[in-house]
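Chain residues, written in single-letter form:
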Amino acid sequence: MLLSRRTLLQSAALASGLVPVPGLVLRAFAGPGAEKPILIVVHLRGGADGLNLVSPATDPVFIAARSTDLRVAADGPDAGYALAGSPDPNTEFRLHAAAGGLSELYGSGQLAFIHAAGLTDSTRSHFVATDMIERGVADARGLTRIRDGWLTRYLAHERAIGIAAVSAAGSVSGELLGRADALAVPDLGGGLAPAGGPQAREVLTGLYATRRDVFTAAGREALGAMTTIDSHVPRDDKGAVIAYQPDPGTAYESAAEFGRPLKALAQLIKMDLGLEVATVDIGGWDTHEYQAGRFKAAVGRLSNGLAAFWNDMQRYHDRMIVVTVSEFGRRLRSNRSNGTDHGRANVMMVLGGQVDGGRFHGGWPGLASDKLDEGVDLAVVTDYRQVLTEILQNRVKKPVAGVFPDYAFSGDLGIFSV
Amino acid sequence: MPDSAVSSPVSAFFALNRLGFGARPGEAAELARRGFRVWLDEQLKPPPGDDPETAQALEDAQLRIKYAAGDPAKNQNWEAVDEMRPLGTLAQPIDALWPTVAERDKHDGSERRRPLLEVISATLIRAVHSHYPLREAMCNFWNDHFNVDAWDSEQVAVALPTYDRDVIRPNCLGNFRHLLESVATSTAMLYYLSNHSSRAGAANENYGRELFELHTLGRQAYLNDKYDRWRDVPGAPEGRPVGYIDEDVYESARSFTGWTVEDGTAIDGGRKLPQTGRFAYVENWHDGYQKRVLAADITEFQPAMADGRRVLDLVASHPATALFVCTKLVRRLVADNPPAGLVEAATRIWRDNLRAPDQIAKVVRAIALSPEFAASRGVKVRRPFALVAGFARTGGLDLMPTEPLINTISAAGQRLYGYPNPTGLPDNKAYFLGTNSMRARWQLALGLAQNSWGTGAFHPAAVMGEAAPSARDAAAFWLAAFTGSADPQQVAAIVDGMGLVPEQPVGPPDTPDAEKRLVLIAAYAAMSPGFQSC
């Protein structure tokens, strides 16, 4: 072996997680006591059919517009979960039959719905709508002017230390655009050390130490973050990663591929490295055809995943808020491919220990044709930024400004009980 | 590297890396000797089919396939398979492959995924061996532009060989209108954007929308937030609207109703489509009434496919399409933030050649000969696929793709033929340089060098022609080979980091120790910042 004494000392230090490597930008971490609230944004990518998830099951207009397998039944063997606190006295709302986990969270009073929420802009383009929601704007002008994500602007309000912002995905989500130290961590199952052991780490540290270009900066940043996180991944005496043990009763596998990033996120949160905001994605919602089976599977993943994550995060409930967003909802009337095309308003969900849950907040415009957006889609009555602003203000217990440019907060919907 | 010998403002090393997938040993010197323009013009007119060396590599290639016997109790009637198999689906017509999806009781799922893995393997092999790497780079570009996700759909996976071979490949330097119709009638796209199930009455809008937003006019021309009615769009009264709104999407969706795939679906009463996987036009499903797209009237009851084709004419010739696609070409070939002047020049050539059979080649040529291109060395990220192909080309590695390699390329952010979103892979460096992606990039270089995934042995000493060079010379050689220069600080980082003495041989000649260290030195050179860009 040609390992230098320095390499050996460093690897010993790294194994103990204590001593920084010269030349690496190790993140200071918050440690116990710095218990900041944690905000998690779950992005339902593709435009989820909110009308079929939190469904106006007995509305005759809805029943007429949809084939039976594209709406939630109010009775019979496939009936969805009844929901207390309907936003419309004449309509019974039900959760999709695959959303048992969400139904329990709703029943326990920790999950609330804000229906008919979304962008005030009329775009039905995935990519325009996604960009707007991620950057926290609501029109084309905002997109040209605002180049960073709303979580990035929010975090700029306070000094973040340690690993403050993470996307549990292969790349950093648009909400964190412009946040140089945001990390993408889709999986921690194999730890986060670079391949090649201590020698590779030492060579990489040297290779990425001096140059000033963006590629070098990216490598240096990656090495620092990898080392910080990996030093908290438990390993056995042979150096193999010890598999993460979630809290008892947690079944991430029931959420299929949505379980993996949630598990990584839970593991990261329990490292107490100062995490303040995180994003996680769940896909499979762009159901232009054969919607029934695909949608049911997606709802199952979402519901089981959030239920598992919430179970695993018991100790953190009081300081945690989970919010779901989707770029738009889907057309009221199904198409002849037995699917639904791009629509407008959607349901947002807020889950948290301090949420006034088990009920709906915000208004419901109804589905009468004169109430529909452009005559075809559920209209937006709650600006998504109102929900997000309320969440941020609850989080820091004071008004926040500048996170959503050109938006005037119109007051609390009352999502929180504390 | 013989970079200094180049008389053109474009360095040979740079040209081979940006317009292709890296320089094979001796290739940069050869290009420099012949001149960049000569090389470029040859690249822009590749003979059809693969060059003999590439064809041989494809013929020699084998990929493992393994699955258990089906369970007859579940009506699964197939034998167990575990074999190394040649890339036999590449040349097959779709009707030869379609039975794997049509007759599910006779085929394990691995057979349905097989065409996808074979096309990925062939794409890698071509990038490594091809004498026409620019064609490979352009196929790569159009596969991103006309993205399909073959990982998510068995039908798309089975349709991939024909999509690559008959749709993208022959048109990658050809005419855009022709390419566009080829895509519109392809089984892969008809399934991916669900047009195959679109019917008159309530048409499926998926393809119609992405045709405008992603394939042609682009989102800058989506004016739905400004105008509710088609005649309000500027230029519409004169028949030349500057952009499109939802009405255009809806009418376009109606135009493509009935464009479908022979997949056994019932048409009416006793009639059924055959099960071949080929394109079909079903009159009964088509909405034949009059339409208005981009302010142009399409009269009712046109002949078969005529109104869909009219829509393709309208969008392919629209000025916004020229701007959108040329911006993407300049972004890919020159810089993440495309220089406006060059985009304008490219757009002009595009519009002057709307009917030319080599429209795309003409635009690419103008971009590659521009001063902006020559000045753009090192500003683009080397994408994970290019990182792998570049390592193999420059390292003289006869790459044999395997599933673990393909999965690591995915982990680095580039799931081949499987970006889950119809936008296609993002073309900006930030997407590829996050913590997770950087880690996978380093793993790719190291894993290829050490043959961790059975992709073929790497013999650095053979490429160097020297079995036991000094540590410093070895590091300098591989840094120069991969990055175009042997920066002394980078050389020192490798030599010192490995604890080697710079002037001393890496080990006794022809010993495993010497070979192992050379492998690591080359791997570290490919893990250096200079090989992350091109």
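Residues numbered from 1 in each chain as written. Chains lettered and ligands numbered in written order. Predicted model: local features only at pLDDT ≥ 70, side-chain atom pairs only at ≥ 80, totals over all residues.

## A closer look at the domain arrangement of chain B
How large an interface is tends to be reported as the accessible area lost when its parts come together. For chain B, the assigned domains read domain 1 (3-44), domain 2 (193-316), domain 3 (319-374) and domain 4 (381-411 + 419-531). Inter-centroid distance (C-alpha atoms) of domain 2 of chain B to domain 4 of chain B is 48 Å. (Domains from an automatic or database assignment.)

## A few points about the domain arrangement of chain A
Residues and elements named next belong to chain A. Per the domain assignment, the segments making up chain A are domain 1 (25-189 + 251-396) and domain 2 (192-243). Taken over C-alpha atoms, the centre of domain 1 sits 33 Å from the centre of domain 2. Listed as interface residues are ten residues of domain 1 and, on the opposing side, ten residues of domain 2. Taken together, the residues that form the side of domain 1 that touches domain 2 break down as eight nonpolar, no polar and two charged. (Contact = placed C-beta atoms within 7 Å. Nonpolar A, V, L, I, M, F, W, Y, C, P; charged D, E, K, R; others polar.)

## Concerning the interface of chain A and chain B
Between chain A and chain B, the contact holds 51 residues from the first and 46 residues from the second. Elements represented by at least two residues in the side of chain A that touches chain B include exactly helix H5 (126-135), strand E7 (183-184), helix H8 (197-207) and helix H9 (214-230) of chain A. At eight residues, the largest contribution of residues to the side of chain A that touches chain B is made by H9(A). In the side of chain A that touches chain B, the residues fall into 23 nonpolar, 18 polar and ten charged. (Helix = DSSP H or I, 4+ residues; strand = E, 2+ residues; numbered from the N terminus.)

## Here's the deal with helix H3 (residues 36-44) of chain B
In an α-helix, one turn spans 3.6 residues, which is why side chains three or four residues apart end up on the same side. All names here are of chain B. Turning to H3, its buried residues number three or more, namely Phe-36, Trp-39 and Gln-43. Seen end-on, H3 carries its buried residues on one side only, within an arc spanning 70 degrees. Residues of H3 that are exposed and angled more than 90 degrees away from the buried face: Val-38 and Asp-41. The inward-facing, buried residues of H3 abut helix H1 (12-18), helix H2 (27-34) and helix H8 (133-145). (Buried ≥ 20, exposed ≤ 12 C-beta atoms within 10 Å, placed from the backbone. Arc of directions from axis to C-beta.)

## Here we look at the confidence of the model for chain B
Residues and elements named next belong to chain B. Per-residue confidence for chain B gives a mean pLDDT of 96; residues scoring 70 or more make up 99%. Long-range and interchain partners of residues 1-6, a stretch whose pLDDT sits below 50, account for 15 contacts in this model, where long-range means more than four residues apart. At the level of chain-chain contacts, confidence expressed as ipTM amounts to 0.94, with global pTM at 0.90. (pLDDT = per-residue confidence, 0-100.)

## Quick look at the packing of helix H15 (residues 319-333) of chain B against helix H16 (residues 340-352) of chain B
All names here are of chain B. Viewed as axis vectors pointing N to C, H15 and H16 meet at an angle of 125 degrees, and their least axial separation amounts to 8 Å. Considering the angle they form, H15 stands oblique to H16. Read as a crossing pair, H15 and H16 show a hand that is right-handed. For the pair formed by H15 and H16, the contact residues are Pro-319, Ala-322, Leu-323, Cys-326, Thr-327, Leu-329 and Val-330 on the first element and Leu-342, Val-343, Ala-346, Thr-347, Trp-350 and Arg-351 on the second. Class assignment of the residues belonging to the contact of H15 with H16 gives a composition of ten nonpolar, two polar and one charged. (Axes fitted to C-alpha atoms, helices over the stretch in contact; angles between N-to-C directions. Parallel < 35°, antiparallel > 145°, perpendicular 65-115°, else oblique. Left-handed = near helix turned anticlockwise from the far one by under 90°.)

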